[in-house]
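Observations on the three-dimensional arrangement
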Amino acid sequence: MANKKSVVIVGAGPAGIFTALELSKYKEIDVVIVDKGKDIDKRLKGINGVYNGWGGAGAFSDGKLTFSTETGGWLADYIDEPALIDIMNAVDKTFLEYGATEKVYGTQEDSIAKIAREAAKADFRLIPSKVRHLGSDQCPIILQNIRRDLERKVDILMETEIEKVEVENRVVKGVRTIDGRTIPADFVVLAPGRSGANWLRKEAERLGLNSSVNPVDLGVRVEVPAEVLEPLTSVLYEPKLVYYSKSFDDKVRTFCVNPHGYVVEEKINDLVTVNGHSYLEKGSENTNFAILVSTQFTQPFKDPIAYGMYIAKLANLLVNGVMIQRLGDLEIGRRSTHERISRSITKPTLKTAQPGDLSFVLPGRYLTDIKEMLKALDRIAPGIYSNHTLIYGIEVKFYSSRPKLTRNLETEVNNLFTIGDGAGITRGLVQSSASGLIVSREILRRIERANLPQSFHKQRP
Ligand SMILES: Cc1cc2nc3c(=O)[nH]c(=O)nc-3n(C[C@H](O)[C@H](O)[C@H](O)COP(=O)(O)OP(=O)(O)OC[C@H]3O[C@@H](n4cnc5c(N)ncnc54)[C@H](O)[C@@H]3O)c2cc1C
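These numbers come from a predicted model, not from an experiment.

1. Digging into the overall build of the protein
What the protein contains, in helices and strands, is 13 helices and 22 strands. In terms of overall size, the protein behaves like a compact globule, its C-alpha atoms giving a radius of gyration of 22 Å where 461 residues would be expected to give roughly 23 Å. Principal-axis analysis of the C-alpha atoms gives the protein an extent of 75 × 45 × 40 Å. Burial status across the protein gives 51% buried among its 461 residues. Considering only contacts within the protein whose residues lie at least 6 apart along the sequence, 75% involve residues at least 24 apart.

Here it is as structure tokens:
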């Protein structure tokens, strides 16, 4: 067919998958989705790149779908709020179609209003949002269901790494793989996630694209008995609370709350950081969550990733991995030891963490902000500021630098789009998936304008 258009999507994480899902509804478009990592079947068998492969970093994530325009990304900088809400609802519908649980948190308005009032009294802003919890066990199954459906409609190239984007006269022409193959395309969507952010940054530099710097989010993971947070987690599942520290006016927030969850190690190249997740089918006696301090550095600094890695490396240097400390020990300025941790009422769910002293790792400003936040949290969830509360470090969120993008998430090169966490515009499953829908709809709009046959239009829903 003369008018047939082709789209190459780099990255089979949620952003790339949702781009493919939407475009695959139209048989007049050739869609190729390429990922350097392993396919989902291999990943399910434990042949697992943690961040790479079908499903991306989302595949073995906690699978908390948080429907908020304020958290999980910055898409609200590009698209009006009502339109973004519509797109997020479409994302939710798709997850449901492929097997997500029906259960939703964050819809009991009276209870939420009460929590918001208590939070305000303690100087917090509560960001209420609907949450659907897939669980680390369900998430890969849903992605497998999507894979089976998509493989009939689009070309899927796994274990194929893209080296270069081909551009001529500021118009994209395709991509080149590291083994020298060219895949020509009318449209290219780059969705390389956090693991591909460095690659994207280098490609953006090579192509002369302008970029801006995102904040650094650095902090710790906190673990308490689940009962302590139950009044909040039973209503909201994930209470998202924002606080501005009195000492520095820094933005400090809760992040990734895992009721009855597990603290886990996260490996980023040779770096070990901390994270948390929870399952749908099994649970621990604890709840864990991150407290992150957000800092937007200004000129001439432009490498937030290097800064975050540097701090996380300090923890690794001291204890050869993730450090754990009781809050009581941190308070009186002494390190924790195995013996002191064993006396803690809260039993650590991450057994490999090594006791130490986080004040040798975190800059004083971060430590002050984190302690202030924990004290304020104790006012709405008494028991958090306990000697027995466990603090793990370092948790760090790297947000990639953001190429300059239009409202349709197109770069300064025509028909070259970039989306998801790798583009620094999202940081969660829902918004990364939503960014895929925004771009696919824009590509469809452009293809329709290019006089495709009538059959194309008939198939639009
Ligand atoms: C442990 C963990 C838990 C999480 N829990 C949650 C949660 O509960 N809720 C939530 O909303 N979010 C969670 N997240 C975040 C969520 O997983 C990400 O926001 C989301 O996966 C981002 O999607 P993406 O498509 O932009 O990128 P990714 O999912 O990172 O996918 C990018 C893909 O691109 C591929 N790629 C990169 N470069 C290239 C290249 N050059 N050539 C070919 N392929 C390439 C990679 O192999 C990868 O598969 C979690 C993340 C982690 C790590």
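2. Here's the deal with the domain arrangement of the protein
On domain assignment, one finds that the protein holds domain 1 (5-100 + 138-212 + 403-458) and domain 2 (216-397). Here the C-alpha centroids of domain 1 and domain 2 sit 31 Å apart. Taken together, the contacts link eight residues of domain 1 with eight residues of domain 2. A class-by-class count of the residues in the side of domain 1 that touches domain 2 yields one nonpolar, four polar and three charged.

3. Focus on the site of the ligand
Within the structure, the ligand sits among 43 residues, and Gly 13, Gly 56, Gly 193, Gly 196 and Gly 420 are positioned closest to it. Elements that contribute at least two residues to the shell around the ligand include exactly helix H1 (14-23), strand S3 (64-67), strand S16 (271-277) and helix H12 (429-449). Residues that form the shell around the ligand fall into these classes: 13 nonpolar, 21 polar and nine charged. Counting residues domain by domain, the shell around the ligand receives three or more from each of domain 1 (5-100 + 138-212 + 403-458) and domain 2 (216-397).

4. Regarding the nonpolar core
Ranked by internal contacts, the top residues of the largest apolar core, which has 129 residues, are Val 7, Ile 9, Val 188, Val 189 and Tyr 392. The leading source of residues in this core is H12, at nine residues. Each of domain 1 (5-100 + 138-212 + 403-458) and domain 2 (216-397) accounts for three or more of the residues forming this core. For Val 188, the contacting residues outside a window of four places in its chain are Val 8, Val 165, Val 172, Gly 174, Val 175, Asn 415 and Leu 416.

5. A word on H1
Extensive coverage of H1 is indicated by the burial of ten of its ten residues. Among the residues making up H1, those that are buried are Pro 14, Ala 15, Gly 16, Ile 17, Phe 18, Thr 19, Ala 20, Leu 21, Glu 22 and Leu 23.

Calculation notes
Residues numbered from 1 in each chain as written. Predicted model: local features only at pLDDT ≥ 70, side-chain atom pairs only at ≥ 80, totals over all residues. Helix = DSSP H or I, 4+ residues; strand = E, 2+ residues; numbered from the N terminus. Rg over C-alpha atoms; globule rule 2.2 N^0.38 Å. Buried ≥ 20, exposed ≤ 12 C-beta atoms within 10 Å, placed from the backbone. Contact = placed C-beta atoms within 7 Å. Domains from an automatic or database assignment. Nonpolar A, V, L, I, M, F, W, Y, C, P; charged D, E, K, R; others polar. Near = placed C-beta within 6 Å. Core = buried A, V, L, I, M, F, W, Y, C linked by C-beta atoms within 7 Å.

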